[in-house]
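# An overview of the molecular structure
So you can see what is in the structure, the chains are spelled out below.
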Protein chains: 2
Amino acid sequence: MPDASLMEAAVHEYVAAFAAGSPERVAAIFAPDAAVEDPIGTPPHVGHDAILAFYTASMQTGARLELQGPVRIAGDYAAFAFSVHLHWDGSDKRVDVIDTFKFNEAGKVIEMNAYFGPTNFHGFG
Amino acid sequence: MPDASLMEAAVHEYVAAFAAGSPERVAAIFAPDAAVEDPIGTPPHVGHDAILAFYTASMQTGARLELQGPVRIAGDYAAFAFSVHLHWDGSDKRVDVIDTFKFNEAGKVIEMNAYFGPTNFHGFG
């Protein structure tokens, strides 16, 4: 399995890439054949092009990610809690999310699931 | 899918059952054929008897769970961050964990994964 510090660094790069508004940097942490299910239970975005398109669209809201507590590392997995902050339609909004990343041997994310739903939206009026 | 408030209540019952030291109450939130993978990547505890035995052993440490931030609810899933507090071998210890619960139509947990590893242990010397 990949080193824990490498997996933790990937999570911090994910947050930093959002702060920089760079969907290319987000896409670079994923394996070419990765699947992103965001939120879990919806049709996944599979492969580099679909993942890049998904994050390009996500970042058009100006979303900023704020980690909540330490990254959990278990075997090939990282899990982390965070808030997404948006300024949209004239007001500040927040969505509370937990993501899980599964890593491959090369240290790239091959599977990502995001956990959030209607009860986690705040300020959407 | 089960109601979000029911899924959130199951998470709070899980925490309360630990506080009460009742493995029976924890086991009662699971479906009879549930699988508990704690931590993820290890052999699962499958079915009521195995799950009851697992939580009976877990509680012998006097573990107390403290939720960190809101429960995330996504479709049939709940995810939540927490700390496990233990007093063991003469000192206070803490493990930071994220759990995911998948619910069945009856509102019982059918799949549980726990995310934590060596980097999440504190005070173990």
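Everything discussed here concerns the structure shown above.
Below is a summary of the structure that appears in this document. (Residues numbered from 1 in each chain as written. Chains lettered and ligands numbered in written order. Predicted model: local features only at pLDDT ≥ 70, side-chain atom pairs only at ≥ 80, totals over all residues. Heavy atoms only, no water.)

Quick look at the pairing of strand 4 (residues 77-88) of chain A now. Along any regular strand, the residues point their side chains to alternate faces of the sheet. Residues and elements named next belong to chain A. Counting buried residues in strand 4 gives nine out of 12 residues, a clear majority hidden from the surface. Relative to strand 4, strand 3 (residues 64-74) is paired through eight bridges, and the arrangement is antiparallel. Looking at the pairing, Arg 64 lines up with His 85 of strand 4. The antiparallel pairing of strand 3 with strand 4 creates a hairpin that spans two residues between the two strands, and Gly 75 there sits at a positive phi of about 60°. (Buried < 20%, exposed > 50% of the residue type's maximum accessible area, 1.4 Å probe, protein only. Helix = DSSP H or I, 4+ residues; strand = E, 2+ residues; numbered from the N terminus. Pairing = 2+ DSSP bridges.)

Another point: the interface of chain B and chain A. Listed per partner, the contact involves 22 residues of chain B and 22 residues of chain A. Its largest share of buried area at the contact with chain A, chain B owes to Arg 72, Ile 98 and Tyr 115 of chain B, together 34% of the area lost on that side. The tally of links between chain B and chain A comes to 12 residue pairs in polar contact (both at pLDDT 80 or more). Mapped by element, the contributors of at least two residues to the side of chain B that touches chain A are strand 3 (64-74), strand 4 (77-88) and strand 5 (91-103) of chain B. For the side of chain B that touches chain A, the leading source of residues is strand 3 of chain B, giving six residues. Taken together, the residues of the side of chain B that touches chain A break down into 15 nonpolar, five polar and two charged. (Contact = heavy atoms within 4.5 Å. Buried area = accessible area lost by both parts, 1.4 Å probe. Polar contact = N/O pair within 3.5 Å; in protein donor to acceptor, adjacent residues only side chain to side chain. Nonpolar A, V, L, I, M, F, W, Y, C, P; charged D, E, K, R; others polar.)

All names here are of chain B. Taking 1.5 Å per residue, 12 residues should reach 16 Å; helix 3 (residues 48-59) reaches 16 Å between its end C-alpha atoms and fits that length. Taken residue by residue, helix 3 has Ile 51, Phe 54, Tyr 55 and Met 59 as its buried positions. Projection of helix 3 onto a plane perpendicular to its axis shows the buried side chains occupying an angular sector of 125°, all on one side. (Expected span 1.5 Å × (residues − 1). Arc of directions from axis to C-beta.)

It takes a turn of 180° to lay chain B on chain A, together with a shift of 0.0 Å along the axis; the resulting RMSD is 0.0 Å. When the rotation and shift are considered jointly, the pair of chain copies conforms to a two-fold rotation axis. Relative to the rotation axis, the closest C-alpha in chain B is found at Ala 81 of chain B, a distance of 3.4 Å. Residue by residue, 100% of the interface of chain B is reproduced at the interface of chain A, so both copies engage with the same surface. (Least-squares fit on C-alpha atoms with pLDDT ≥ 70 in both.)

Residues and elements named next belong to chain A. Evaluated as defined, the whole model comprises four salt bridges over all chains. The partner of Arg 25 in a salt bridge is Glu 13, with the nearest N and O atoms 2.9 Å apart. Taken together, the residues span a long stretch of sequence, with Arg 25 in helix 2 (residues 23-27) and Glu 13 in helix 1 (residues 4-19) at a distance of 12 residues. According to the relative accessible area criterion, Arg 25 is partly exposed, its value standing at 34%. Taking the shortest distance from any N to any O, the salt bridge between Arg 94 and Asp 96 comes out at 2.8 Å. A residue is classified by how much of its surface remains accessible, and Arg 94, at 30% relative accessible area, is partly exposed. (Salt bridge = Lys/Arg side-chain N within 4 Å of Asp/Glu carboxyl O.)

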